[in-house]
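# Geometric and topological summary
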Amino acid sequence: MSDRVVLVGCGNMGFAMLKGWLDSGALEPQAIHVVEPAAMLRQRAGELGVHTVAEAGELSADLNPRMVLIAVKPQAMAQVLPAYTRFAGDVTFVSVAAGIPVALFEKHLGDKAAIMRVMPNTPAAIGKGMLVVYRNAHVTDANAVFINGLLKTSGEVASIADESLMDAVTAISGSGPAYVFHFIECLTDAGVTVGLDRDLAALLAMQTVYGAGALAAQSHESPTKLREQVTSPNGTTAAALDVLMSEDRLEDLITKAVEAAKKRSVELGKA
Ligand SMILES: NC(=O)C1=CN([C@@H]2O[C@H](COP(=O)(O)OP(=O)(O)OC[C@H]3O[C@@H](n4cnc5c(N)ncnc54)[C@H](OP(=O)(O)O)[C@@H]3O)[C@@H](O)[C@H]2O)C=CC1
Ligand SMILES: O=C(O)[C@@H]1CCC=N1
């Protein structure tokens, strides 16, 4: 069995995962074939030493890949898949697309095709991603082990047995980094509002989120306990949390945002 991998689409998410495989040494660049129509993105991938082509037709007929990972936009999926039916066999197809169900892949690739859905996130680029896996019954244990090994180079891996949970997963960890980046933007702007210059405000906001995230990940204490440890009675934090937490203000807003993301994931799956 070859360890050759085809990566279809090398934009934000495809490139993040490619970096994980190469930086960890899990795959040699020569084992990876990237299909990417955009010349600049193809060049960016090529600079890492992988093979690159602009379209599937340029892939060698006897490539015999073990995994084809598809990282194109959900809306492009139905157009992209037919070019890969010729690889259906021992190969496992892995999709990172939001919303698109396994059934659509089976429709295009055959109902015996081995399909995995993975919901990653962009911190995968530095090995700090969250990746959630769902697989159909045709993925062999050997291929699941091989692919899980690759996914682990991108971060933490969890699996689900109920595909319908993937929309909720997407709304939390798939889109989640954007919520956190927006929080950093907001904290920076607020810093400027209370008198800091923008560079200092940006440093304080970014390092605070970084440090708090790392502490939450490493500590045995719950986020609730960690929050309480910052909050002196009648102090500054209590004054701020009174704004954020009274009437569950921030929690309500985050819940609404997550529900909107989940709804959009469901819609993408029906498109
Ligand atoms: N970005 C993220 O944080 C996350 C994204 N995802 C999923 O990852 C997928 C990709 O998203 P993202 O990386 O952000 O999108 P990008 O647009 O950055 O990347 C997709 C790339 O695929 C290329 N492409 C289009 N058609 C083909 C084709 N036929 N063959 C090969 N490549 C093709 C696009 O080229 P062109 O632009 O020229 O069309 C583009 O460069 C989506 O399905 C998304 O749901 C999942 C989790 C997180
Ligand atoms: O915004 C999106 O649709 C993709 C899926 C999760 C993160 N980005």
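Residues numbered from 1 in each chain as written. Chains lettered and ligands numbered in written order. Predicted model: local features only at pLDDT ≥ 70, side-chain atom pairs only at ≥ 80, totals over all residues. Heavy atoms only, no water.

## Description of the packing of aromatic side chains
Put simply, the rule reads: Classification of ring pairs rests on two measures: the distance between centres of Phe, Tyr or Trp rings, Trp counted by its six-membered ring, which must be within 6.5 Å, and the angle between planes, read as stacked under 30 degrees, edge-to-face over 60 and tilted in between. Partly exposed describes any residue whose relative accessible area lies between the buried limit of under 20% and the exposed limit of over 50%, with all areas from a 1.4 Å probe on protein chains only and scaled to the type maximum. Charge-over-ring placement is defined geometrically: NZ (Lys) or CZ (Arg) within 6 Å of the ring centre, and within 35 degrees of the ring normal.
Scanning the entire structure with this criterion turns up 1 aromatic pair. Between the aromatic rings of Tyr84 and Phe87, the centroid separation amounts to 6.3 Å while the plane-to-plane angle is 35 degrees, which identifies the pairing as tilted. You'll find Tyr84 and Phe87 in the same group, each marked buried. A cation sits over an aromatic face here: Arg44 above Phe15, 3.8 Å from the ring centre. It is Arg66 that lies over the ring of Phe146; its NZ or CZ is 4.4 Å from the centre.

## Section: the nonpolar core
Let me state the cut-off plainly: Buried Ala, Val, Leu, Ile, Met, Phe, Trp, Tyr and Cys residues that are joined via side-chain atoms within 4.5 Å together make up what is termed a nonpolar core. Helical segments are the DSSP runs of H or I of at least four residues, strand segments are the runs of E of at least two, and each set is numbered from the N terminus. Whether two residues are in contact is decided by their heavy atoms, any of which lying within 4.5 Å being enough.
Counting residues in each nonpolar core, the largest one holds 33 residues, and the members touching the most others are Ile70, Met77, Tyr84 and Phe93. Counting only elements with at least two residues in this core, the list comes to β1 (5-8), β4 (67-70), α3 (77-80), α4 (102-109), β6 (114-119), β7 (129-135) and α6 (166-174). It is α4 that contributes the most residues to this core, 4 residues altogether. Discounting residues that sit within four places of it in the chain, Phe93 has contacts with Val68, Ile70, Tyr84, Phe87, Ala88, Leu109, Ala114, Ile115 and Met116. Within the second largest apolar cluster, 32 residues are counted, among which are Val5, Leu22, Val133 and Ala144.

## Thoughts on the site of ligand 1
Defined as follows: The criterion for a residue being near a molecule or strand is simple. One of its heavy atoms has to lie within 4 Å of it. Under this definition, polar contacts are N or O atom pairs within 3.5 Å; protein pairs additionally need one hydrogen-donor-capable and one acceptor-capable atom, and for neighbouring residues in sequence, both atoms have to be side-chain atoms. The accessible surface values rely on the Shrake-Rupley method and a 1.4 Å probe; as for residues, cover is taken only from the protein chains in view. Site definitions follow a grid-based scheme: protein atoms alone, a 1 Å grid, a 1.4 Å probe that fits but cannot get out for cavities, and for pockets an open set with protein on both sides within 12 Å along at least five of seven lines, plus lining residues having an atom within 4 Å of a point. Think of it this way: if more than half of a molecule's atoms are within 2 Å of a pocket's grid points, that molecule is in the pocket or cavity. Only Asp, Glu, Lys and Arg are considered charged, only Ala, Val, Leu, Ile, Met, Phe, Trp, Tyr, Cys and Pro nonpolar, and every remaining residue, Gly among them, polar.
Contacts to ligand 1 come from 20 residues, most closely from Asn12, Met13, Glu36, Val72 and Lys73. For ligand 1, a nitrogen atom lies 3.5 Å from a polar atom in the backbone of Gly9. Here Ala98 contributes a backbone N or O atom positioned 3.0 Å from an oxygen atom of ligand 1. The protein chains hide 72% of the 880 Å² of surface that ligand 1 would expose on its own. Cavity membership is defined here by more than half of the atoms lying within 2 Å of grid points; on that basis ligand 1 lies in the second largest pocket. Of the residues in the shell around ligand 1, the class split is 14 nonpolar, 4 polar and 2 charged.

## Quick word on the layout of surface pockets
To find leftover empty space, one rolls a probe the size of a water molecule over the atoms. How we decide: Grid points are joined across faces, edges and corners, and a volume is the space filled by probe spheres set on the points.
Its boundaries defined by the atoms lining it, the second largest pocket holds a volume of some 950 Å³. As for the second largest pocket, its lining consists of 37 residues, of which Met13, Ala71, Val72, Lys73 and Pro74 are closest to the centre. Those elements giving two or more residues to the lining of the second largest pocket turn out to be α1 (12-23), α6, α7 (176-193) and α11 (249-270). Ranked by residues supplied to the lining of the second largest pocket, first place goes to α11 with 4 residues. Residues that form the lining of the second largest pocket fall into these classes: 22 nonpolar, 11 polar and 4 charged.

## Some thoughts on the site of ligand 2
Around ligand 2, the surrounding shell consists of Ala98, Thr170, Gly174 and Ser175. Among the detected pockets, ligand 2 sits in the second largest pocket. Of the residues in the shell around ligand 2, the class split is 1 nonpolar, 3 polar and no charged.

## So, the UniProt feature "domain: Pyrroline-5-carboxylate reductase catalytic N-terminal" (unreviewed entry) in the chain
Here is the rule: UniProt positions are given in the numbering used here, feature names are shortened, and annotations may be inferred rather than shown by experiment.
Those places that UniProt annotates as "domain: Pyrroline-5-carboxylate reductase catalytic N-terminal" (unreviewed entry) correspond, in this numbering, to residues 5-99. The span residues 5-99 is 25% helix and 20% strand, and its two end C-alpha atoms sit 23 Å from each other.

## Considerations on the pairing of strand β5 (residues 92-95)
Defined as follows: Should DSSP find at least two bridges between two strands, the strands are taken to pair. By convention a crossover is right-handed if, when the strands point away from the viewer, the path from the first strand over the helix to the second runs clockwise.
The alternating pattern of β5 places Thr92 and Val94 and Phe93 and Ser95 on opposite faces, both of which are buried. Across 4 bridges, the pairing between β4 and β5 is parallel. Note that in β5 the partner of Leu69 across the bridge is Val94. After leaving β5, the chain enters α4 and then returns to the sheet as β6, a path that is right-handed.

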